Amino acid sequence: MTHPFLDLAPLTAARFASIEDRVARLLSTEQDVVITQGEALLPLEGAIRSTTGPGTTALNVITGPYGQTFGDWLRDCGATVIDLAVPFHTAVTAEQIRDAFAAHPEIDFVSLVHAEAATGNTNPVAEIGEVVRRHGALFYLDAVASVGAEPVLPDAWGVDLCVIGAQKAMGGPAGVSAVSVSERAWARMAATPGAPRRSYLSLLDWKERWIDGGRTTLLHAPAQLEMLALEACVERIEAVGLVAVMDRHRRAALATRAGARALGGGLEPYVYEDAEAAPVATTLRAPSGVVASELVARALESDPAVPLVAGSGALAREMIRVNHYGVEATQGAVRASLAALGAALREQGLGVDVEGALRAVDSAWR
Ligand SMILES: *Cc1c(COP(=O)(O)O)cnc(C)c1O
């Protein structure tokens, strides 16, 4: 008895390479793209362990929880880490990066998260890239939450290691990810004594045994289901057009912010400036005296289908996330999210204007 997920024909090396090429086109990059068979944390950790060590001075920008994790890996590799933490309601500026280089000219590695789904901000990577390049540091970027939602251009921005995952705005699987690697980054890896080899975290293994061999022999059996899902999701983006997919995300973010402001009741965008708000997901600040996680629980009771979650960890009390990405990047999902939040706020006795919020969503969507 056959089954749609089972009994699949083996995925060939040629098919694997063609999926890598399609991902490279999505990023408009000439760099090598390595598809990594695990959630994005795999290449995020692998790239840091492959390029940093006791000789590294890393500028680690923290605009959300992932930056914290990168700092831990960097320290674990023996790097000297300069943390640049910015409040979660804002973005880091190129000026702050410039100042960090002025204070620590020895910085030779910069880690940055492009957009943070967890905190809802997005950082000006193009401007930051110019500063990083001028100082010759290696530039590592987590673009998991930005790819598909806003432009991600490693070549134009001088990104040396650009990590993506398909599970957010690309609307794809979570169990597979990719990293684009510049020539400079390969050279840094070759010169990093602690770079993992013969390891699942190794990127050099893929360079030496896959890329340099002309991509004819895979290192191990490919994760078939995830690769097929990644191929399908890239195909769907190509069919609709990347620009159209990004446009849906941008509209969803603007509409959510406009709707929240019009709703009232004390709810407001968590990230102050529209330009610093990530298109992938919108974070909202709960009204004072209202616990965000309880508000979200009540909103989900009124409509279990809306893409709402409370902030994680310490943010659970004050932050509400509208995860309007992938299939949820629609006017309908934004409307339903605000209606559910409005109903929950009203239950708390707060004065809200749901009709006004929906009108604001519709007008911002246009
Ligand atoms: C979502 C996301 C990841 C992947 O992590 P998950 O917890 O598996 O979703 C990595 N980096 C960033 C910035 C993300 O938003």
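Residues numbered from 1 in each chain as written. Predicted model: local features only at pLDDT ≥ 70, side-chain atom pairs only at ≥ 80, totals over all residues. Heavy atoms only, no water.

## Topic: the side chain of Arg49
Secondary-structure assignment places Arg49 in helix α2 (residues 41–51). Within the structure, Arg49 has its side chain in polar contact with the side chain of Glu45 (distance 2.7 Å). Not counting residues up to four positions away in its chain, the partners in contact with Arg49 are Trp73, Asp76, Cys77, Thr192, Gly194, Ala195, Pro196 and Leu201. (Helix = DSSP H or I, 4+ residues; strand = E, 2+ residues; numbered from the N terminus. Polar contact = N/O pair within 3.5 Å; in protein donor to acceptor, adjacent residues only side chain to side chain. Contact = heavy atoms within 4.5 Å.)

## Focus: the sheet that holds strand β3 (residues 80–85)
Sheet strands pair by backbone hydrogen bonding; their relative direction is either parallel or antiparallel. Strand order in the open sheet formed by seven strands is β1-β7-β6-β5-β4-β2-β3, with mixed pairing between adjacent strands. Taken across any chain shown, the strands that pair with only one partner, and hence form the sheet edges, are β1 (32–36) and β3. Each neighbouring strand pair of the sheet contributes to a mean axis angle of 15 degrees, computed without reference to strand direction. Alignment of β1 against strand β7 (residues 177–181), held across five bridges, turns out to be antiparallel. The residue of β7 that forms the bridge with Val33 is Ser180. On top of the sheet, helix α4 (residues 94–103) reaches β2 (57–62), β3 and β4 (109–113); it is set at about 155 degrees to β2, its chief contact. (Pairing = 2+ DSSP bridges. Axes fitted to C-alpha atoms, helices over the stretch in contact; angles between N-to-C directions.)

## Considerations on the environment of Glu39
Secondary-structure assignment places Glu39 in the loop between β1 and α2. The partly exposed category is assigned to Glu39, whose relative accessible area is 31%. A sequence separation of 138 residues divides Glu39 from Ser177, and the C-alpha atoms of the two residues are 5.9 Å apart. When neighbours within four sequence positions are excluded, Glu39 is seen to be in contact with Gln167, Ala174, Gly175, Val176 and Ser177. At 2.7 Å, the side chain of Glu39 and the side chain of Gln167 are in polar contact. (Buried < 20%, exposed > 50% of the residue type's maximum accessible area, 1.4 Å probe, protein only.)

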